[in-house]
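# A look at the structure
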Amino acid sequence: MDFGLSEEQRLIVDTTRAFVENELYPHEAEVERTGVLRKELADELKQKAIEAGLYAANMPEEVGGAGLDTVTWLLYEKELGRANYALHWTCVGRPSNILLAGTDGQKEKYLFPCIRGEKSDCLAMTEPGAGSDLRGMKATAVEKGGDWVVNGTKHFISHAVEADFVILFVASGEEDTPRGKKKKITAFFVDKGHPGMTIREGYRNVSHRGYTNAIIEFDDCRLPQDAILGEVHKGFEVANTWLGATRLQVAATCLGRAERALGHAIEYAAQRQQFGQQIGKFQGVSFKLADMATELKAADLLTFEAGWKFDQGTVTDQDMAMAKLKATEMLAFVADEAIQIHGGMGLMDDLPLERIWRDARVERIWEGTSEIQRHIISRALLRPHGA
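Residues numbered from 1 in each chain as written. Predicted model: local features only at pLDDT ≥ 70, side-chain atom pairs only at ≥ 80, totals over all residues. Heavy atoms only, no water.

## Considerations on the UniProt feature "domain: Acyl-CoA dehydrogenase/oxidase N-terminal" (unreviewed entry) in the protein
Stated precisely, the cut-off is as follows: UniProt positions are given in the numbering used here, feature names are shortened, and annotations may be inferred rather than shown by experiment. Runs of E in the DSSP output that reach at least two residues are strands. Runs of H or I that reach at least four are helices, and both are numbered from the N terminus.
The UniProt entry lists residues 6-118 under the feature "domain: Acyl-CoA dehydrogenase/oxidase N-terminal" (unreviewed entry), expressed in the numbering used here. Overall, residues 6-118 shows 60% helix and 0% strand. The separation of its end C-alpha atoms is 32 Å.

Below you can see the structure in the form of structure tokens.
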């Protein structure tokens, strides 16, 4: 097995890291302090990302993206993940891969403008009563007079206030299964400002300052047939086909932040002196660094193995669940230990450690909680044995 990077991959890593350090890092303090990413700043940085060839790099070459394979894409995401989330997600946009499932007309209206940086999307699945249990969603779409009428509420919808349109998932019917009735789901495009849809600011969040969430309410929101993404009642199939790698994306961004935290901890341990010597010479500190580096390496290997298998067409849900679980829990451990090594300074906002520590908390929740990942892994282990 070859674990080395190609010249192209090294170039992408170097280019992305330089952009993050030179263009995004300088604005982190402002976003963290105010909790706001100014539109003027976002537009300026987005243009720089487009000029650097980093915008929409997750998209296939034939539609105007960089055409990166999964491993290279994860290397790119890892470097972006080192920065404040609002800055790297908003300014170095990666349109949702699910847009590739649209019709030719939908691609012209939604996909291509997103790739050019003229529009941005958001995904609306989660509801107040339906988080991990998406089949429990109560928002509905009912066919009436040739259209679909949507009612219900979505919440925790990332960057919906800034987005130009919503990719909405709602219950559109029911079917009988051996385990009882199960809801059918349909996906729709809904443009911002569409009658019957109201977007309002969501909750204040301890993680990812500047990266907003919103509440979206639908009140007899009438959508035409051509607003359907994929097929009627096939929303979950569309999501599973096109959104499967998002757990690897979360894992990769966690790797980047953990590397940054570990780098600060190593530097501090090598310079800080107590009791007449560098604190890194004390096993109480040096062993922490060893454990942090080992956990990071393990998460790195799991993530990139899953990425490699994704490219080979052999990846399983278990592979992606393991990567997401390990990387997110590793980040929490590394961030906490980095702060412990720094002592009181680790909690001061002069350093990015307290932010990385706060931001790490949400990673074990969104895109599938740690408990859901463990469920996926354990079922894969036990199902072949009939358990």
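## With respect to the side chain of Gln-373
Quick note on the threshold: In what follows, residue pairs with any heavy atoms lying within 4.5 Å of each other are defined as contacts.
Checked against the element boundaries, Gln-373 lands in helix H12 (residues 370-382). Beyond its immediate chain neighbours, meaning those up to four positions away, Gln-373 contacts Arg-247, Ala-321, Lys-324, Leu-325, Glu-367 and Gly-368.

## Observations regarding the packing of helix H4 (residues 70-80) against helix H9 (residues 283-312)
Here is the rule we go by: Here, axes are lines fitted to C-alpha atoms. For helices the fit covers the stretch in contact, and angles between N-to-C directions go from 0 to 180 degrees. Charged means Asp, Glu, Lys or Arg here, nonpolar means Ala, Val, Leu, Ile, Met, Phe, Trp, Tyr, Cys or Pro, and polar covers whatever is left, Gly included.
Here H4 crosses H9 at 145°, and the two axes come no closer than 8 Å. Residue-level contacts link Thr-70, Val-71, Leu-74, Leu-75 and Lys-78 of H4 to Asp-300, Thr-303, Phe-304, Gly-307, Trp-308, Phe-310 and Asp-311 of H9. Grouping the amino acids of the contact of H4 with H9 by side-chain chemistry returns six nonpolar, three polar and three charged.

## Some points on the pattern of salt bridges
Our working definition: Salt bridge, as used here, is a side-chain nitrogen of Lys or Arg placed within 4 Å of a carboxyl oxygen of Asp or Glu. Exposure classes here rest on a 1.4 Å probe applied to the protein chains alone. A residue is buried below 20% of its type maximum, exposed above 50%, and partly exposed in between.
Under the counting rule described, the total for this entry stands at 28 salt bridges. With a closest N to O distance of 3.0 Å, Glu-363 and Arg-257 form a salt bridge. Of this pair, Glu-363 sits in helix H11 (residues 353-363) while Arg-257 sits in helix H8 (residues 246-271), placing them 106 residues apart in sequence. Comparing Glu-363 with Arg-257, the two get one shared label, buried. A salt bridge links Glu-329 to Arg-374, with the shortest nitrogen-to-oxygen separation between them at 3.0 Å. Taken together, the residues span a long stretch of sequence, with Glu-329 in helix H10 (residues 317-342) and Arg-374 in helix H12 at a distance of 45 residues. A single salt-bridge network, built from bridges that share partners, covers Glu-28, Glu-32, Arg-260, Glu-354, Arg-355, Arg-358 and Asp-359.

## Remarks on the domain arrangement of the protein
Frequently, the measure chosen for interface size is the accessible area removed from exposure when the parts meet. Basically, it comes down to this: Boundaries between domains were set according to an automatic or database domain assignment. By definition, the buried area sums, over both parts, the 1.4 Å-probe accessible area that each loses when the two are put together.
Along its sequence, the protein is carved into domain 1 (7-94), domain 2 (121-233) and domain 3 (238-385). Just the C-alpha atoms count here: the centres of domain 1 and domain 3 sit 20 Å apart. Across the contact, 20 residues belong to domain 1 and 20 residues belong to domain 3. Overall, the association of domain 1 and domain 3 removes approximately 1,700 Å² of surface from exposure, summing both partners, and the carbon and sulfur fraction of that is 59%. When the area that domain 1 buries against domain 3 is broken down by residue, the three leading residues are Leu-74, Lys-78 and Arg-82, summing to 34%.

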